[in-house]
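Working through the structure, step by step
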Amino acid sequence: MDSAQLQRDFFRRLAPSDQIVRLFDLLPEVSFFIKDYEGRFMALSLNKFEHCGVVQEQDAVGKTDHDFFSAQRADAYRADDLEVMETGKPIVNRMEAAPETLGSPRLVVTSKVPLRDAKGEVIGIAGFSRPIERLGGDPELSDGMSRVIEHVHREYGDALTSAQLAKMAGLSVSQFERRFRQAFGTSPRQYLLRIRVEAAARRLAETEQTVSEIALDCGFADHAHFSRRFRKIMQVTPTAYRATHRMRA
């Protein structure tokens, strides 16, 4: 019996239960989920919605992202899901804001793959996400990158350059940019941009600062530059974002 047949026979014998999914509960830094074609959750690790008050899997099964997140965020998740299911191509290491973004500066890396039935038809997706700060590599690289990440989250409003961050990590600029992308799946510039946009979103929702004041405080050159970047990432203008979250509050 060849290895492929051996593998097929084993999984054919495996009881149709959530016993494999429950393994992800032992990895608290990883959030795992399975959705059907309509976007309804079919299985998930128990930490997937811990910030939403979900205490058992059945509280989320049958619900969609729109039951837990803002319309803009849920729409973005759904668009990614449809892209994966319609093209059959996975999304690998997509950087995005953590689900509890308005209360945290964290970013996560998410991957999604299509799920097929016995006939080869796509019937849903499976995916997982994990905090980007925990994606270091060897200890030396991890320590250097941790210093960079902490500094970027704390001083995102400053005029930070790759040269400054590379020195902090103890690397040349070319080494730093290459290893940063390998570790985090994005460039230092794009990572910083996401941090700034997420910080600006929190200020729009929680403060009375003007859009121009927020733009400058968060490291953008001016109002126009900020508005362009914010809309590209958040799919809505800063003013509309503020109005939506003020109305919800």
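Residues numbered from 1 in each chain as written. Predicted model: local features only at pLDDT ≥ 70, side-chain atom pairs only at ≥ 80, totals over all residues. Heavy atoms only, no water.

Residues Phe10, Phe11 and Ile20 make up a contiguous nonpolar surface patch of about 300 Å² in total accessible area. Note on placement: isoleucine 20 falls in the loop between α1 (3–13) and β1 (31–36). (Patch = residues over 30% accessible without salt bridge, like charges linked within 9 Å, V, L, I, M, F, W, Y side chains within 5 Å. Areas by Shrake-Rupley, 256 points an atom, 1.4 Å probe, with all protein chains shown as cover. Salt bridge = Lys/Arg side-chain N within 4 Å of Asp/Glu carboxyl O. Helix = DSSP H or I, 4+ residues; strand = E, 2+ residues; numbered from the N terminus.)

The tally for this structure, following the rule as stated, stands at six aromatic pairs. Ring geometry for phenylalanine 41 against phenylalanine 68: centres 6.4 Å apart, planes inclined by 75°, an arrangement best described as edge-to-face. Here the residue phenylalanine 41 occupies a position in strand β2 (residues 41–44), and phenylalanine 68 occupies one in the loop between β2 and α2 (71–87), the gap between them amounting to 27 residues. Of the two residues, phenylalanine 41 and phenylalanine 68, neither departs from the other in class, the shared state being buried. Members of the aromatic cluster, joined through ring pairs, are Phe220, Phe226, Phe230 and Tyr241. (Phe/Tyr/Trp six-rings, centres within 6.5 Å; stacked < 30°, edge-to-face > 60°. Buried < 20%, exposed > 50% of the residue type's maximum accessible area, 1.4 Å probe, protein only.)

Moving on: the pattern of salt bridges. Per the counting criterion, the structure on display carries nine salt bridges. Salt bridges sharing common partners tie together Lys35, Asp65, Asp81 and Lys112.

The next thing to look at is the nonpolar core. Val152, Phe176, Phe226 and Phe230 are the most contacted members of the largest nonpolar core, which has 31 residues in total. Elements with a contribution of two residues or more to this core: α3 (139–154), α4 (162–169), α5 (173–184), α6 (188–206), α7 (211–217) and α8 (223–234). When residues in this core are grouped by element, the largest group, nine residues, is from α6. With sequence-adjacent residues up to four places away left out, phenylalanine 226 is seen in contact with Ala200, Leu204, Val211, Ile214, Ala215, Phe220 and Pro238. (Core = buried A, V, L, I, M, F, W, Y, C linked by side-chain atoms within 4.5 Å. Contact = heavy atoms within 4.5 Å.)

The next subject is the pairing of β2. Direction of pairing for β1 relative to β2: antiparallel, over a ladder of three bridges. In the strand pairing of β2, isoleucine 34 is matched with alanine 43. Remark: four residues form the turn of the hairpin made by β1 and β2, two consecutive strands paired antiparallel; glycine 39 in that turn has positive phi of roughly 90°. (Pairing = 2+ DSSP bridges.)

Relative to the 16 Å expected for twelve residues at 1.5 Å per residue, α8 spans 16 Å between its end C-alpha atoms, a close match to the ideal helical length. Those residues of α8 lying buried are Phe226, Ser227, Phe230 and Met234. Burial along α8 is one-sided: seen end-on, the buried residues are contained in an arc of 100°. Those residues of α8 that are exposed and angled more than 90 degrees off the buried face are Arg228 and Lys232. A distance of 3.2 Å separates the backbone nitrogen of alanine 224 from a side-chain oxygen at the start of α8, and that oxygen is part of aspartate 222. At the exit of α8 stands glutamine 235, carrying a positive phi of roughly 65°. (Expected span 1.5 Å × (residues − 1). Arc of directions from axis to C-beta. Polar contact = N/O pair within 3.5 Å; in protein donor to acceptor, adjacent residues only side chain to side chain.)

A few words on the packing of α6 against α8. Interaxial distance between α6 and α8 falls to 10 Å at its minimum, and their mutual angle equals 95°. The angle between α6 and α8 falls in the class roughly perpendicular. Judged by residue contacts, Arg189, Leu193, Arg194, Val197, Glu198, Ala200, Ala201 and Leu204 of α6 engage Phe226, Arg229, Phe230, Ile233 and Met234 from α8. Tallied by class, residues from the contact of α6 with α8 come to nine nonpolar, no polar and four charged. (Axes fitted to C-alpha atoms, helices over the stretch in contact; angles between N-to-C directions. Parallel < 35°, antiparallel > 145°, perpendicular 65-115°, else oblique. Nonpolar A, V, L, I, M, F, W, Y, C, P; charged D, E, K, R; others polar.)

Right, let's talk about the confidence of the model for the protein chain for a bit. Looking at the protein chain, pLDDT values average 82 and 83% of them are 70 or higher. The weakest mean pLDDT in the protein chain belongs to strand β3 (residues 91–97) at 74; the strongest belongs to α7 at 95. Segment residues 101–105: pLDDT under 50, and 13 contacts once partners within four positions in sequence are set aside and those in other chains are kept. A low-confidence stretch, residues 134–138 stays under pLDDT 50, and its non-local contacts, those more than four residues away or across chains, total seven contacts. (pLDDT = per-residue confidence, 0-100.)

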